[in-house]
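Here's the letter readout for the chains.
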Amino acid sequence: EPEVTQTPSHQVTQMGQEVILRCVPISNHLYFYWYRQILGQKVEFLVSFYNNEISEKSEIFDDQFSVERPDGSNFTLKIRSTKLEDSAMYFCASRVGAGKTQYFGPGTRLLVL
Amino acid sequence: RKEVEQDPGPFNVPEGATVAFNCTYSNSASQSFFWYRQDCRKEPKLLMSVYSSGNEDGRFTAQLNRASQYISLLIRDSKLSDSATYLCVVNKAGNTPLVFGKGTRLSVIA
């Protein structure tokens, strides 16, 4: 069964460093999302991406964040200058069409020291 | 008021028990409703969609009351493998993002 994959599974970084989280959505999917989950908290939406552009973003998704789909298969989330409070699990998700089920990747656990 | 509210639990039940989870949502424009399951340190996985007429999938029954903005999940004959956090999730429409509740933790004990 096709699945969303994410790399790396874990990343430890120093405050102020840039990180890039990578996702490979399911191949025929058209809508892509990033969510995050701080330990013990709920899953929160960051950004959605469709037709090579951001379709919606939350207030969490400030200027430090950016997304890209550089080559038609990867979907990346970049955090330019990480803060301690960026420590969380970051999930990528994709869906084949509007209103269809979103499938989540296994997540990247980011720890900012 | 939180967009999606759930009783955090934990619910500790013996194997074979029936357990019910409740959820309320604040946005009356919500159109799609789901229960996801999340195991510790894993991604959310769709358990079932929730339809207005109510729906059942094996031991799991979901109900939706749009007038009360209330969703429920009933698990019958609980198994040890049902131990997880159950996330109530709503969606406004189309490709809008999912809105998650904080989840209700279930522990099924032998």
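Reference entry: report on the structure contained in this document.

About the criteria used
Residues numbered from 1 in each chain as written. Chains lettered and ligands numbered in written order. Predicted model: local features only at pLDDT ≥ 70, side-chain atom pairs only at ≥ 80, totals over all residues. Heavy atoms only, no water. Pairing = 2+ DSSP bridges. Helix = DSSP H or I, 4+ residues; strand = E, 2+ residues; numbered from the N terminus. Axes fitted to C-alpha atoms, helices over the stretch in contact; angles between N-to-C directions. Buried < 20%, exposed > 50% of the residue type's maximum accessible area, 1.4 Å probe, protein only. Contact = heavy atoms within 4.5 Å. Buried area = accessible area lost by both parts, 1.4 Å probe. Salt bridge = Lys/Arg side-chain N within 4 Å of Asp/Glu carboxyl O. Polar contact = N/O pair within 3.5 Å; in protein donor to acceptor, adjacent residues only side chain to side chain. Core = buried A, V, L, I, M, F, W, Y, C linked by side-chain atoms within 4.5 Å. Disulfide = S-S within 2.5 Å.

A few points about the sheet that holds strand 8 (residues 75-79) of chain A
Residues and elements named next belong to chain A.
Step number 1: Taken in spatial order, the 4 strands make up an open sheet running 1-3-8-7, and their pairing is antiparallel. Each edge of the open sheet is held by one strand with a lone partner, namely strand 1 (5-7) and strand 7 (65-68). Averaged over all adjacent pairs, the angle separating strand axes in this sheet is 20°, with direction ignored.
Step number 2: Pairing geometry for strand 1 and strand 3 (residues 19-24), over 3 bridges, is antiparallel. Looking at the pairing, Thr5 lines up with Val24 of strand 3.

Section: the pairing of strand 6 (residues 53-57) of chain A
Where a strand is regular, its side chains alternate between the two sheet faces.
Residue and element names in this part refer to chain A.
Step number 1: Relative to strand 6, strand 5 (residues 43-50) runs antiparallel, the two sharing 4 bridges. For Ser48, the partnering residue across the bridge sits in strand 6 and is Glu56.
Step number 2: Between strand 5 and the antiparallel strand that follows it, strand 6, lie 2 residues; Asn51 among them carries a positive phi value of about 55°.

Details of the environment of Val90 of chain B
Residue and element names in this part refer to chain B.
Step number 1: Tracing the backbone shows Val90 in strand 9 (residues 84-91).
Step number 2: The buried category is assigned to Val90, whose relative accessible area is 4%.
Step number 3: Separated by 87 residues in sequence, Val90 and Glu3 have C-alpha atoms that sit 9.0 Å apart.
Step number 4: In this view, Val90 contacts Val4, Tyr25, Ser30, Ser32, Phe33, Ile71, Pro97, Leu98 and Val99; residues no more than four positions away in its chain are not counted.

Some remarks on the interface of chain A and chain B
Note: interface size is frequently given as the accessible area lost on complex formation between the parts.
Step number 1: Contacts between chain A and chain B engage 23 residues on the former and 16 residues on the latter.
Step number 2: Carbon and sulfur atoms supply 55% of the area that chain A and chain B bury against each other, a total of about 1700 Å² over both sides.
Step number 3: Its largest share of buried area at the contact with chain B, chain A owes to Lys42, Val43 and Phe104 of chain A, together 27% of the area lost on that side.
Step number 4: Scanning the region where chain A abuts chain B turns up 0 salt bridges.
Step number 5: Counting every contact that joins chain A to chain B gives 5 residue pairs in polar contact (both at pLDDT 80 or more).
Step number 6: When contributions to the side of chain A that touches chain B are tallied by element, the ones reaching two or more residues are strand 4 (31-37), strand 5, strand 6 and strand 9 (88-95) of chain A.

Side note on the nonpolar core
Step number 1: Grouped together as the largest cluster of nonpolar side chains are 23 residues, with contacts concentrated most on Phe21, Trp35, Ile71, Leu73, Ile75, Tyr86 and Leu106 of chain B.
Step number 2: Those elements that provide at least two residues to this core are strand 3 (19-25), strand 4 (32-38), strand 5 (44-50), strand 7 (60-65), strand 8 (70-75), strand 9 and strand 11 (104-109) of chain B.
Step number 3: Discounting residues that sit within four places of it in the chain, Phe21 of chain B has contacts with Phe11, Trp35, Ile71, Ser72, Leu73, Ile75, Tyr86, Thr104 and Leu106 of chain B.
Step number 4: Judged by nonpolar contacts, the second largest core, of 22 residues, contains Val4, Phe32, Leu110 and Val112 of chain A.

As for the state of the cysteines
All names here are of chain A.
Step number 1: Counted by the stated rule, this structure contains 2 disulfides over all chains.
Step number 2: In this model, Cys23 is linked to Cys92 through a disulfide, with the two sulfur atoms separated by 1.9 Å. Taking the torsion about the sulfur-sulfur bond, which here is approximately -60°, the covalent link between Cys23 and Cys92 counts as left-handed. Highlighted residues: Cys23 in strand 3 and Cys92 in strand 9, separated in sequence by 69 residues.

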